[in-house]
Amino acid sequence: NFFKDGFLRQGLAQYTKFLQLRRIANTKQVTIVPTYQIDLFWHTHILANMQGYFDDCKQLLGYILHHDDSLTDRSEGGVLDTSFRETQELWQEHYGEAYKCPGGMYRGEPPKTFYHAHWPQQLREQIEWEQGVGPYIN
């Protein structure tokens, strides 16, 4: 997916929407969490030209949006889990569409039960596709 033009064009559009949603989230005191696809563009934006990133943020948001990769606990009910669900709700409310990207969802470890032998291979591949983890990313 990460080498396909359509995925990349969609990613740029989603990243732009994500930045716009950040302004709305601030008014509701909601922390929004990017999909893996959006995070790819966020990192690229920062690394391509840091001063340009700062300038773009100031123009779009009025401040520099800091990126924090240190939050990694995606356990059910945790900060990232709750924030991701709030992001999904806010995205749906504001854009009228689901907050998802097959093969490019949020990073993190799959559920612990994912590694149990009783998980069928097809289901395991589907979760990897939806969450964008593991060796089955196309």
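On a predicted model such as this, the values are computed, not experimentally measured, just so you know. (Residues numbered from 1 in each chain as written. Predicted model: local features only at pLDDT ≥ 70, side-chain atom pairs only at ≥ 80, totals over all residues. Heavy atoms only, no water.)

**Quick word on the overall build of the protein**
As a reminder, the rule being used: By definition, any uninterrupted DSSP run of H or I lasting at least four residues is a helix, any uninterrupted run of E lasting at least two residues is a strand, and each is numbered from the N terminus. Here the term buried applies to any residue with accessible area under 20% of the maximum for its type, exposed to any over 50%, and partly exposed to those in between, with areas from a 1.4 Å probe on protein chains only. Note on contacts: a residue pair qualifies if any of its non-hydrogen atoms lie within 4.5 Å across the two residues. Every accessible area reported is derived by Shrake-Rupley at a probe size of 1.4 Å, with residue values counting cover from the shown protein chains alone.
Check the secondary structure of the protein and you find 5 helices and 0 strands. Scanning the protein from its N terminus toward the C terminus, one meets helices and strands in the order α-α-α-α-α. Relative to its 138 residues, the protein shows a buried fraction of 37%. Of the contacts formed within the protein by residues at least 6 apart in sequence, a portion of 63% connects residues at least 24 apart. Surface exposure of the protein reaches about 8500 Å², of which carbon and sulfur atoms provide 55%.

**What about the pattern of salt bridges?**
Inclusion rule: Salt-bridge detection follows one rule: a side-chain nitrogen of Lys or Arg within 4 Å of a carboxyl oxygen of Asp or Glu.
Considering all chains together, one arrives at 3 salt bridges under this definition. In this structure, Lys28 engages Glu93 in a salt bridge whose closest nitrogen and oxygen atoms are separated by 2.8 Å. With Lys28 in helix α1 (residues 5-28) and Glu93 in helix α4 (residues 79-95), this pair connects stretches of sequence that are 65 residues apart. With relative accessibility at 56%, the residue Glu93 sits in the exposed group.

**Quick notes on the nonpolar core**
One broad rule of soluble globular proteins: the nonpolar side chains tend to lie buried together. Rules: Nonpolar core, defined: a set of buried Ala, Val, Leu, Ile, Met, Phe, Trp, Tyr and Cys residues in which side-chain atoms within 4.5 Å join the residues together.
Formed by 21 residues in total, the largest nonpolar core has its most connected members in Tyr15, Phe18, Ile32, Trp42, Tyr53 and Leu65. Among the elements of the structure, α1, α2 (36-48), α3 (50-61) and α4 are those that each provide at least two residues to this core. Sorting elements by how many residues they give to this core places α1 first, with 5 residues. Aside from chain neighbours lying at most four places away, what touches Tyr15 is Ile38, Phe41, Trp42, His45 and Tyr53.

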